[in-house]
Every structure is written in C-alpha cells, then in structure tokens.
Amino acid sequence: MMNASPRPASGDTWQVGDVILHSRFLLGTAGYPSPQVLRESIVAAGTQVVTVGLKRTLAATGDNGFIAVIQQALVATGARLLPNTAGCRSAREAVQLSHMARELYETPWIKLEVVGDEHTLQPDMFELQSAAAQLVRDGFTVFPYCTDDLVGCRRLLDAGCPLLMPWGAPIGSGQGLLNVFALRTLRERLPDTTLIIDAGIGAPSHAAQALELGFDAVLLNSAVAQAREPAAMARAFRLAIESGRIARKAGVMATQDFAIASTPVGGEPVLLGGAS
C-alpha cells in the first residue's frame, strides 16, 4: 500500500472549523489519464483535502472506476472530500447541487462555484454571495471560489464563509498570480482570514509565490493532471508549497529599487581571512 507523505515536523497547521490540517495543498481530481495515476498523484501530493465535481459524478454512468479510486485514496491517505459545484451558473442551481452533495458524500463541506462568464469562467460575485448566505443558513461550511475583489470578499465573509478562495488566474490557464497587488491587498486587509489561492496555478513556483505572499494554502488541478508525470508534479508542488510557507515564516527580504552591496565598502582595503 502506498503511504501519504510524512507530515511536516514543524507542527505548522491551519484550521477550518474544528478540523486541523497540516497539508496546505488541496488537489482536484479531473482530467487525469487514468484512475491509477490519479491515486498516485493524491498520495504524492500529501494532500488532506481532495475536491470532486458533483456534476461529473452524476454524469459518470461509466466512470472507469473514478469514484472507487477517490474513496480508496481517501482511506489510504486520511484525506477529506470537498465536493464542488463546478458548472453552476446561478445561486439556485449551486444551492440545489450542494444539498445533493451533502446527501451523497455525507459532508457539510462545499466548494461553492458560480460562474458568471463563459470565456474567463470568472466567478459571479453577486450570485456567489446569495448562494453562500443560503448555504451557511442551511448548515454548510462554504469554501467560496471568488475573485480577488476586496469588497466582494468581505461580503462573503459577512455571509458566514469561514475562508476565501480567490483566483490567481482563469481556471486551467496556468498563468500564475496575475494580480499580485490585489492578492497582497487581500492578505493585508484580511489578516485573520484563511485565504486559499484557487485556479490559474501552472507551476510549482506559482504555488511557492502564493505561500510567500502569506496565503494559507493552494488548490489546483490542471497543473498536475496535465503534466507529463502527474505524480512527480504533485510531489514538486508539495515541496514548493512547503518551501513557500517556510520562506514566509522566515521573512522574505524587501525588494529595493536600487543596488545595495552585500559587503560594505570602506575607504581602506580589507584582507579577508585575517592578516598575520
């Protein structure tokens, strides 16, 4: 049996409600070349949260063992399932699908997606807020996939969402963090809010950058599923996320607009290594 990656020795954890997590890598399950590769990638990622689209599950009459693989991977790794409402275009549709997910998967967790534009797949913040408010009243723990708009994000928090999942770039684009200013502003203005970058991550360096900016975790799918070796890429992302978190805690140096010599230059020559 394959085992999940060892937990970081630092004891650096984060929390959703009463659930304590050590992995800051959330992984999607769509588009993998085979169920076996999906399972290997989940294990290599060391993830504790795996997301799955309910619409895909309902449409999968011949799913090639997809659902069974997910369940086996959850048992093998101890990961939790995070159903999502991918493909929904209205608050009403997302709420209905969320209730179906809770019955099917027996979890109050839901990754709430309500898309407002077919070209960019940008979240519809108005429909998202409406759906989030209803689902919170219905007892769900809502993980909202949102834009990086500060005011809109505050409205989601007001609706009762325990965390935010702003996009880094359009879903599946692999462009990384396009609006670093907006993301940095979210982190600075919402210092006590759990923030997870969701969508647009294409390379491990993008994930490391997100953690260096102070984001709590990263959720991605395509960058692993579409890699030449998905399991190896999942491991690369795990290591990058861990490194980004360590760098954030250690304190990344401030950038400067001009050169600053690392070795001070005085008026007299200095002989390194000492002189007799």
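Residue indices follow the written sequence of each chain, beginning from 1 at its first position. Given that the model is predicted, a residue must reach a pLDDT of at least 70 before its local features are reported, and side-chain atom pairs must reach 80 or more before they are shown or counted; all residues, however, enter totals for whole chains, interfaces and linings. Only heavy atoms go into the side-chain values, all of them from the structure, while hydrogens and water stay out.

**Description of the overall build of the protein**
So, step 1. The secondary structure listing takes helices from DSSP runs of H or I that are at least 4 residues long and strands from runs of E that are at least 2 residues long, numbered from the N terminus. The secondary structure content of the protein amounts to 10 helices and 10 strands.
So, step 2. Note on classification: 1.4 Å probe, protein chains only; a residue is buried when its accessible area is under 20% of the maximum for its type, exposed when over 50%, partly exposed between these limits. In the protein, which comprises 276 residues, the proportion classed as buried is 48%.
So, step 3. Contact criterion: two residues are considered in contact whenever any of their non-hydrogen atoms come within 4.5 Å of each other. Contacts in the protein between residues at least 24 apart in sequence constitute 66% of all its contacts with a sequence separation of at least 6.
So, step 4. As presented, the protein carries roughly 13800 Å² of accessible surface, and 52% of it is formed by carbon and sulfur atoms. Computed with a 1.4 Å probe, the accessible areas rest on the Shrake-Rupley method; for each residue, only the protein chains presented here act as cover.

**Some points on the pattern of salt bridges**
So, step 1. We count a salt bridge whenever a side-chain nitrogen from Lys or Arg sits within 4 Å of a carboxyl oxygen from Asp or Glu. Using the criterion set out here, one finds 7 salt bridges in the structure.
So, step 2. A salt bridge links E113 to K111, with the nearest nitrogen and oxygen atoms 3.0 Å apart. This pair shows no difference in class: E113 is buried, exactly as K111 is.
So, step 3. With a closest N to O distance of 3.4 Å, R238 and E242 form a salt bridge. With R238 and E242 both in helix α10 (residues 230–250) and 4 residues apart, this pair spans about one turn of that helix.

**Some details on the pairing of strand β4 (residues 49–53)**
So, step 1. Extensive coverage of β4 is indicated by the burial of 5 of its 5 residues.
So, step 2. What you see with β4 is no split at all: V49, T51 and G53 on one side and V50 and V52 on the other are buried throughout.
So, step 3. A pair of strands is considered paired only if DSSP assigns at least 2 bridges between the two. Relative to β4, strand β3 (residues 25–28) is paired through 3 bridges, and the arrangement is parallel. Bridge pairing in β4 links G28 to T51.
So, step 4. When the strands point away from the viewer and the connection leading from the first strand across the helix to the second strand turns clockwise, the crossover is called right-handed. Handedness of the crossover is the feature at issue here: the chain leaves β3, passes through helix α1 (residues 35–45), returns alongside β4, and the resulting connection is right-handed.
So, step 5. Here 5 bridges tie β4 to strand β5 (residues 80–84), and the two strands are oriented parallel to one another. Bridge assignment links V49 to a residue of β5, and that residue is R80.

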